[in-house]
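# Summary of the model geometry
Next come the chains, spelled out residue by residue.
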Amino acid sequence: MAIKRGLFRGFYPLVVILALAGCESAPHLVPPTLAPAPQAAIPPTVECVPYARRVSGVAIHGDAWTWWRRAEGRYRRGHRPRRGAVLVWRRTRRLPLGHVAVVERILSPREIVVAHTHWPNEEPGHISRVLDVSADNSWRAVRVWNARADTFGAADLAYGFIYPRRESQREADVGRHR
């Protein structure tokens, strides 16, 4: 037993370092782009937050469900999908950290295609159809296509969309802070 404990102690710092390496607060040096990252460029451990930040250019940190509040005053928010916008899911029992995904295409006023990662049972950088099932077409209740079951999944609660800044808006912001 003493050998096992000693061995574990030797690996404990490595385990802690590896666990912390995935923390959200770690710096991300990848420049943002509106095009989805190639599948091969996305490690299987990338969570939805760094993926959405990388693909959309929306520079928000923290758990996915906090993005809606953190975007206030920094980014425009709304309830209509736009290509490149980030859809923010609420924190629920099933999604304790919420979820974020980037709009790739708009199929109809009630259906979009998103790129995301770390969605249950899906591959990193997965493309999914999302259906608005809210009564008022506000995108506050959504269902995500489950390819394995060949149907839309259960309804999840969402806040809405965060719209990335246009280049001219980014330049104006930089000019204000000089």
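Residues numbered from 1 in each chain as written. Predicted model: local features only at pLDDT ≥ 70, side-chain atom pairs only at ≥ 80, totals over all residues. Heavy atoms only, no water.

## So, the overall build of the chain
Looking only at helices and strands, the chain features 4 helices and 8 strands. When the helices and strands of the chain are placed in sequence order, the string is α-α-α-β-β-β-β-β-β-β-β-α. Across the 178 residues that make up the chain, the buried fraction comes to 40%. Within the chain, contacts between residues separated by at least 24 positions form 47% of all contacts whose residues are at least 6 apart in sequence. Of the roughly 10700 Å² of accessible surface on the chain, a fraction of 59% belongs to carbon and sulfur atoms. (Helix = DSSP H or I, 4+ residues; strand = E, 2+ residues; numbered from the N terminus. Buried < 20%, exposed > 50% of the residue type's maximum accessible area, 1.4 Å probe, protein only. Contact = heavy atoms within 4.5 Å. Areas by Shrake-Rupley, 256 points an atom, 1.4 Å probe, with all protein chains shown as cover.)

## With respect to unusual backbone geometry
Unusually for a residue other than glycine, W139 sits at a positive phi of about 65°. Of note, W139 is situated in the loop between β5 (126-132) and β6 (141-146). With relative accessibility at 0%, the residue W139 sits in the buried group. Although it is not a glycine, D150 adopts a positive phi angle of roughly 60°. By relative accessible area, D150 is classed as exposed at 57%.

## Focus on the side chain of S134
By the secondary structure assignment, S134 is in the loop between β5 and β6. Polar side-chain contacts of S134 include one of 2.6 Å to the side chain of D132. Within the structure, S134 has its side chain in polar contact with the backbone nitrogen of S138 (distance 2.9 Å). Excluding its chain neighbours within four sequence positions, the residues that come into contact with S134 are R110, W139, R140 and A141. (Polar contact = N/O pair within 3.5 Å; in protein donor to acceptor, adjacent residues only side chain to side chain.)

## Some details on the nonpolar core
Of all hydrophobic cores here, the largest spans 20 residues; its most connected members are V58, I60, W67, V86, V88, V100 and I162. Put simply, the parts of the chain that give this core at least two residues each are α2 (48-56), α3 (67-71), β2 (86-89), β3 (99-108) and β8 (156-163). Tallying contributions element by element places α2 first for this core, with 5 residues. Beyond its immediate sequence surroundings of up to four residues, V100 is in contact with C48, V49, A52, A64, W67, V86, L87, V88, W89 and H116. Formed by 16 residues, the second largest nonpolar core is a distinct cluster that contains V130, V144, A158 and F161. (Core = buried A, V, L, I, M, F, W, Y, C linked by side-chain atoms within 4.5 Å.)

## Examining the pairing of β8
β8 sits mainly inside the fold: 7 of its 8 residues count as buried. With 3 bridges joining them, strand β1 (residues 76-78) and β8 adopt antiparallel strand pairing. Within the sheet, the bridge partner assigned to R76 lies in β8 and is Y163. Sheet topology note: the β2/β8 ladder contains 4 bridges and is antiparallel. The partner of W89 across the bridge, within β8, is A158. Bridging between β6 and β8 involves 2 bridges; their strand directions are antiparallel. (Pairing = 2+ DSSP bridges.)

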